[in-house]
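Architecture and fold: a report
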Amino acid sequence: MAKKLVIKVTAGADAPERCSQAFTVAAVAVASGVAVSLWLTGESTWFALPGRAAEFELPHAAPLPELIEGILAGGTITVCTQCAARREIEEKDLIEGARIAGSQVFVSEIMQDGVQAVVY
């Protein structure tokens, strides 16, 4: 089993099932004791802003705010630097516990031994 799981979410409300699956897998992994780093890119970037996750609805899926809470309990949430800039999002705008970082940090995370990377 990988010691760390890095998940990149490339979809938001534009592809709700793919988006929800990424957050669900991340939350389940954290609850299972896996170190998780969740990266928000593209339209998923909006879910790092206060209140935005509560607007997301998908039948038969766990509420996004609960999944985010679970992820932050033992993992990290990072917003892509370029994605944030394109949406005029700054670090001060993010939910508590989220950060903004770029590709260099992403690459350094996924290239470590014992890491499994997944893209949704």
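Described in the following lines is the structure provided in the data block. (Residues numbered from 1 in each chain as written. Predicted model: local features only at pLDDT ≥ 70, side-chain atom pairs only at ≥ 80, totals over all residues. Heavy atoms only, no water.)

With that settled, consider the sheet that holds strand E5 (residues 115-119). The strands making up a sheet are joined through hydrogen bonds of the backbone, oriented either antiparallel or parallel. In spatial order, the strands read E4-E3-E2-E1-E5; together these five strands make up an open sheet with parallel pairing. Taken across any chain shown, the strands that pair with only one partner, and hence form the sheet edges, are strand E4 (98-101) and E5. Adjacent strand axes in the sheet meet at a mean angle of 25° when their direction is disregarded. The pairing of strand E1 (residues 4-9) with strand E2 (residues 35-40) spans six bridges and is classified as parallel. If you follow leucine 5 over to E2, its bridge partner there is valine 36. Contacts from helix H4 (residues 103-110) reach E1, E2, E4 and E5 within the one sheet, and its direction differs from that of E1 by about 145°. (Pairing = 2+ DSSP bridges. Helix = DSSP H or I, 4+ residues; strand = E, 2+ residues; numbered from the N terminus. Axes fitted to C-alpha atoms, helices over the stretch in contact; angles between N-to-C directions. Contact = heavy atoms within 4.5 Å.)

Proximity of charged atoms lets side chains of opposite charge pair with each other. As enumerated under the stated definition, the model contains six salt bridges in all. Lysine 4 is paired through a salt bridge with glutamate 109; the nearest N and O atoms lie 3.8 Å apart. Note that lysine 4 is positioned in strand E1 and glutamate 109 in helix H4, a separation of 105 residues in sequence. Take lysine 4 and glutamate 109: they sit in the same class, and that class is buried. (Salt bridge = Lys/Arg side-chain N within 4 Å of Asp/Glu carboxyl O. Buried < 20%, exposed > 50% of the residue type's maximum accessible area, 1.4 Å probe, protein only.)

Honestly, it's all geometry; don't read function into it.
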